[in-house]
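# Residue-level structural notes
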Amino acid sequence: MAAAATCSTGTRSTGSVVAAASRNSVTSFQRRGPRASGTDSGCSRLVSIAGTRPSVRNGQLLVSTGLPALDQLLGGGLAVGTVLLIEEDKYNIYSPLLFKYFLAEGIVTGHTLLVASAKEDPADILQELPAPLLDDNCKKECDEDIYNHKTESNIKMKIAWRYQLLPKMEARPVSSSRFGHYYDVSKRIPQELIEASKWHGFFLPEKISSTLNLEPCSLSHSYIKLLQFIQNIIYEEGFDGSNPQKKQKNILRIGIQNLGSPLWGDDICWTENCDSNHSLTKFLYMLRGLLRSSLSACIITVPTHLIQNKAIIARVTNLSDTVVGLESFIGSEKETNPLYKDYHGLIHIRQIPQLNNLIYDVSDVKDLAFKLKRKLFTIERLHLPPDLSDTVSRSSKQDLAESAKLLGPGCGMTARGKKHLDF
Amino acid sequence: MFPELNNLLNTTPDQTEQGKLTLLCDAKTDGSFLVHHFLSFYLKANCKVCFVALIQSFSHYNIVGQKLGVSLTTARECGQLVFLEGLKSAVDVFFRPQEEPHPLQFLREANSGNLQPLYEFVQEALKPMDSGEAAWRCPVLLVDDLSVLLSLGVGAVAVLDFIHYCRATVCREWKGNVVALVHDSGDAEDEENDILLNGLGHQSHLILRAEGLATGFCKDVHGQLRILWRRPSEPTAQRDRSLTYQYKIQDKNVSFFAKGMSPAVL
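Source: prediction; values computed, not measured.

A few words now on the overall build of chain B. Along its length, chain B carries nine helices and nine strands. For 266 residues, the compact-globule formula gives about 18 Å, and the C-alpha radius of gyration of chain B, at 18 Å, lands near that figure. Counting only C-alpha atoms and orienting by the principal axes, one finds that chain B spans roughly 60 × 45 × 40 Å. Burial analysis of chain B (266 residues in total) assigns 59% to the buried set. Partitioning the contacts of chain B with sequence separation of at least 6, the portion at a separation of at least 24 is 69%. Accessible area for chain B stands at about 11,300 Å²; split by element, carbon and sulfur atoms hold 49% of it. One finds the centroid of the 24 positive side-chain charges in chain B at a distance of 7 Å from the centroid of its 31 negative side-chain charges.

Quick look at the structure:
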């Protein structure tokens, strides 16, 4: 009885300490709720959303991009309410892969998906998602294990008899509450996973057929339709906290493919001084406004190598939160470069958002390369190969020195210099 | 508010200069720490602040402000801070059109809009109270940031006009201050941005320019800050004073040191 009384006073005092801390808010572990309604009571519920975890640096809620290596480079994951911009590689071979990883992660963790594309039907995109690893194979093995366990439970342990007293471990991996899964690119996602998931598709040729009465605005019609579609989904399904009766909060994962390409009615890719100069940037601003006030995360792929006006690329980068650029070696002179012979391309982390914080942790590794193996998309640190030649041949050293200049000048998003120094 | 930056600028919250236009610009790096500094500085100096935050949400500034020792929620509640949250208002004005003019009305217009509704919002927010008893020291307008207005379709001349009107009202008439952040696009050849930056550079009394290091990324030195004091009203006065420091951003503070004197090197 006395123990219970002291326990209760203990909890009350810790409760008051917590209350004092939240009043002074000295602690930096602020769990960020949806930006529209950032109350403390709402924050405690958010941690229980599957597939998310709070960041250790500033308490932001993070979701996985589908690639654990990329999550690590982005500081733990993609923050909820932000935009991940993928600058497409030249022939658009690897950026759809990152796009699909993001969507597949959403299906596995049970998030709602919104897929928008002007080129492919979203249903087809979902069919081509990679299959998650470990879940299906383990399931069959676990069923067999459970059957075997039942028959062996009566066998007493003779030597390690202390372990008999421990509770039996759950052999089945708890898949959907984990953060970051691995996928097998050579296999397709099982049909039942797609059918069990909730997704909305926006296929531009279907939606644009209806004429709409809108005041003339500098946004192109397709962008307006897409914004209205996204806003409808967010509002109707309560991702912006407008429907407080919903018990289980969930994340909306938005994926927009090939934004800024001519298929979206935008002409920034073929002329330098175009009429709709501000269409894409205005769209990105409105999208940012929608995301900041809802529980959603967005991935966009933009063919920046096609945009003629460099100023627009700079503005697009400033309006996005996380920017990752892909540079593939196909068709460039780097394909035959001995430095890059093991890899398929370079990946540049151009920008990481600085949310709720003055600083952000920048990884020291600036030279990253990716490789698409048969089953996996890996991101590795790029380093010079060892010079294993017996004789010091001048020509090979010259090649390597030239390739060493191609290595990123050690610049990151904090500072980019005019020229780099060779040491 | 960073105490070291106050020392460099020779100001304290107790004695702030009045009637000044401060230009913050960043080139190849992120200069938002300067915005956080000035926001917390003017709130601590007991000034009435109108913050036009176009690029981030309220909770972002609030959380960083708490690290720097000011609470934006209390300031907003007691009327010291008027906060225009650009992202939220943009969604409102775009999807739910209202009849009365909204400060971000230009988002619904096709051609390069004018910022008059925004100016009227600022005017309304910082207007000195007629009751006679001045509760706050001086009005301050803080804009983060002006380059976003260019991305939203407003012309550079319209933005310059807006700042001119704000300066005439806030700085001249009401003896307040205006602080604005503009991104320098560098070699991205953004002509509109260059027009805006040069135009504001000629009008401002103090220019704080955060740049990246010329040698590239460094873990211990995050960038370089150039401070330039100007006297735009006196043409051929003494030469403008300029100082350069390097800085490192920490969790709750930014430390400044002379070039090459980073504690990591010494």
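Moving on, there is more to tell.
Right, let's talk about the overall build of chain A for a bit. Check the secondary structure of chain A and you find 12 helices and 14 strands. The buried share among the 423 residues of chain A stands at 49%. Considering only residue pairs separated by 6 or more positions, chain A has 74% of its internal contacts joining residues 24 or more positions apart. When the accessible surface of chain A is split by element, carbon and sulfur atoms take 54% of a total near 21,600 Å².

Turning to helix H4 (residues 95-109) of chain A, a few remarks are in order. Residues and elements named next belong to chain A. The first and last C-alpha atoms of H4 sit 22 Å apart over 15 residues, in line with the 21 Å expected at 1.5 Å per residue. Across the 15 residues of H4, 15 count as buried, placing the element largely inside the fold. At the C-terminal side of H4, Gly 110 shows a positive phi close to 85°.

Attention now moves to the pattern of salt bridges. Two side chains carrying opposite charge are able to pair once their charged atoms lie near each other. Under the defined criterion, the tally for this structure stands at 15 salt bridges over all chains. The shortest N-O distance in the salt bridge between A:Lys375 and A:Asp184 comes to 3.8 Å. Remark: A:Asp184 occurs in strand S7 (residues 183-188) and A:Lys375 occurs in the loop between strand S13 (368-372) and strand S14 (377-381); sequence separation between them is 191 residues. Residue classification places A:Lys375 among the partly exposed positions, given a relative accessible area of 35%. Taking the shortest distance from any N to any O, the salt bridge between B:Lys127 and B:Glu124 comes out at 3.3 Å. Ionic contacts of the salt-bridge type, sharing partners, join the residues B:Asp184, B:Arg209, B:Glu211 and B:Arg226 into one network.

Residue and element names in this part refer to chain B. Mapping Ala 156 onto the fold places it in helix H8 (residues 156-173). Each C-alpha atom of the pair Ala 156 and Asp 194 lies 8.9 Å from the other, and the pair is 38 residues apart in sequence. The residues touching Ala 156, leaving out its near neighbours within four places in the chain, are Leu 150, Glu 192, Ile 195 and Leu 196.

Below, the discussion takes up the nonpolar core. If you look at the biggest cluster of nonpolar residues, it comprises 134 residues, and the most contacted ones within it are A:Ile256, A:Leu259, A:Trp264, A:Phe283, B:Phe33, B:Phe51 and B:Leu146. Looking at this core element by element, the count peaks at nine residues for H8(B). Setting aside chain neighbours within four positions, we find B:Phe51 in contact with B:Val35, B:Leu39, B:Tyr61, B:Leu81, B:Val82, B:Phe83, B:Leu84, B:Leu142 and B:Asp144. Counting 43 residues, the second-largest nonpolar core is a separate cluster that includes A:Val63, A:Leu70, A:Leu113 and A:Ile299.

The subject of this paragraph is the environment of B:Lys175. Residues and elements named next belong to chain B. Its place among the elements puts Lys 175 in the loop between H8 and strand S5 (177-184). For Lys 175, a relative accessible area of 47% puts it in the partly exposed group. Sequence-wise, Lys 175 and Ile 163 are 12 residues apart; in three dimensions their C-alpha atoms are separated by 15 Å. Those residues in contact with Lys 175 that lie beyond four places of it in its chain are Gln 18, Gly 19, Cys 138 and Val 170. Within polar-contact distance, the side chain of Lys 175 engages the backbone oxygen of Arg 172 at 3.3 Å.

Time to look at unusual backbone geometry. Residues and elements named next belong to chain B. Omega for the bond connecting Asp 144 with Asp 145 falls within 30 degrees of zero, at -15°, which places this linkage in the cis form. Here Asp 145 shows up in the loop between strand S4 (139-144) and helix H7 (147-151). Positive phi values are uncommon outside glycine, yet Asn 46 reaches one of about 65°. If you trace the backbone, Asn 46 turns up in the loop between helix H2 (32-44) and strand S2 (48-53). Among the residues examined, Asn 46 registers a relative accessible area of 35% and is labelled partly exposed. We note that Lys 175 has phi near 55°; this positive angle belongs to a residue other than glycine.

Here the focus is the packing of H8(B) against helix H9 (residues 191-203) of chain B. Residues and elements named next belong to chain B. Direction vectors running N to C along H8 and H9 enclose 20°, while the axes themselves pass 9 Å from each other. Compared by their axis directions, H8 and H9 come out roughly parallel. When the axes of H8 and H9 are compared, the crossing they make is right-handed. On the side of H8, the interface is formed by Ala 156, Val 159, Leu 160, Ile 163 and Arg 167, while H9 contributes Glu 192, Ile 195, Leu 196, Gly 199, Leu 200 and Gln 203. Among the residues forming the contact of H8 with H9, the class breakdown is seven nonpolar, two polar and two charged.

Sheet strands line up and pair through hydrogen bonds in the backbone, either parallel or antiparallel. Residue and element names in this part refer to chain B. The strand order across the open sheet built from nine strands is S3-S2-S4-S5-S1-S6-S7-S8-S9, with neighbouring strands paired in mixed fashion. Each of the sheet's edge strands pairs with one partner strand only, and the pair in question is strand S3 (81-85) and strand S9 (254-257). Recorded for the sheet is a direction-independent mean angle of 20° between the axes of neighbouring strands. Note that S2 and S3 share five bridges and pair parallel. Residue pairing for S3: Val 49 is matched across the bridge by Leu 81. Lying over the sheet, helix H5 (residues 86-95) contacts S2 and S3, oriented at roughly 55° with respect to S3.

Turning our eyes to something else, we now look at the pairing of S13(A). All names here are of chain A. By the criterion of burial, S13 is predominantly enclosed, with four of the five residues buried. Bridge count for S13 against S14 is five bridges, and the pairing is antiparallel. Among the inter-strand pairings, Phe 370 is bridged to a residue of S14, identified as Ile 379.

What counts, and where the lines are drawn
- Residues numbered from 1 in each chain as written.
- Chains lettered and ligands numbered in written order.
- Predicted model: local features only at pLDDT ≥ 70, side-chain atom pairs only at ≥ 80, totals over all residues.
- Heavy atoms only, no water.
- Helix = DSSP H or I, 4+ residues; strand = E, 2+ residues; numbered from the N terminus.
- Rg over C-alpha atoms; globule rule 2.2 N^0.38 Å.
- Buried < 20%, exposed > 50% of the residue type's maximum accessible area, 1.4 Å probe, protein only.
- Contact = heavy atoms within 4.5 Å.
- Areas by Shrake-Rupley, 256 points an atom, 1.4 Å probe, with all protein chains shown as cover.
- Lys, Arg positive; Asp, Glu negative; His and termini not counted.
- Charge placed at Lys NZ, Arg CZ, Asp CG, Glu CD.
- Expected span 1.5 Å × (residues − 1).
- Salt bridge = Lys/Arg side-chain N within 4 Å of Asp/Glu carboxyl O.
- Core = buried A, V, L, I, M, F, W, Y, C linked by side-chain atoms within 4.5 Å.
- Polar contact = N/O pair within 3.5 Å; in protein donor to acceptor, adjacent residues only side chain to side chain.
- Axes fitted to C-alpha atoms, helices over the stretch in contact; angles between N-to-C directions.
- Parallel < 35°, antiparallel > 145°, perpendicular 65-115°, else oblique.
- Left-handed = near helix turned anticlockwise from the far one by under 90°.
- Nonpolar A, V, L, I, M, F, W, Y, C, P; charged D, E, K, R; others polar.
- Pairing = 2+ DSSP bridges.

Purely geometric numbers; function is a separate question.
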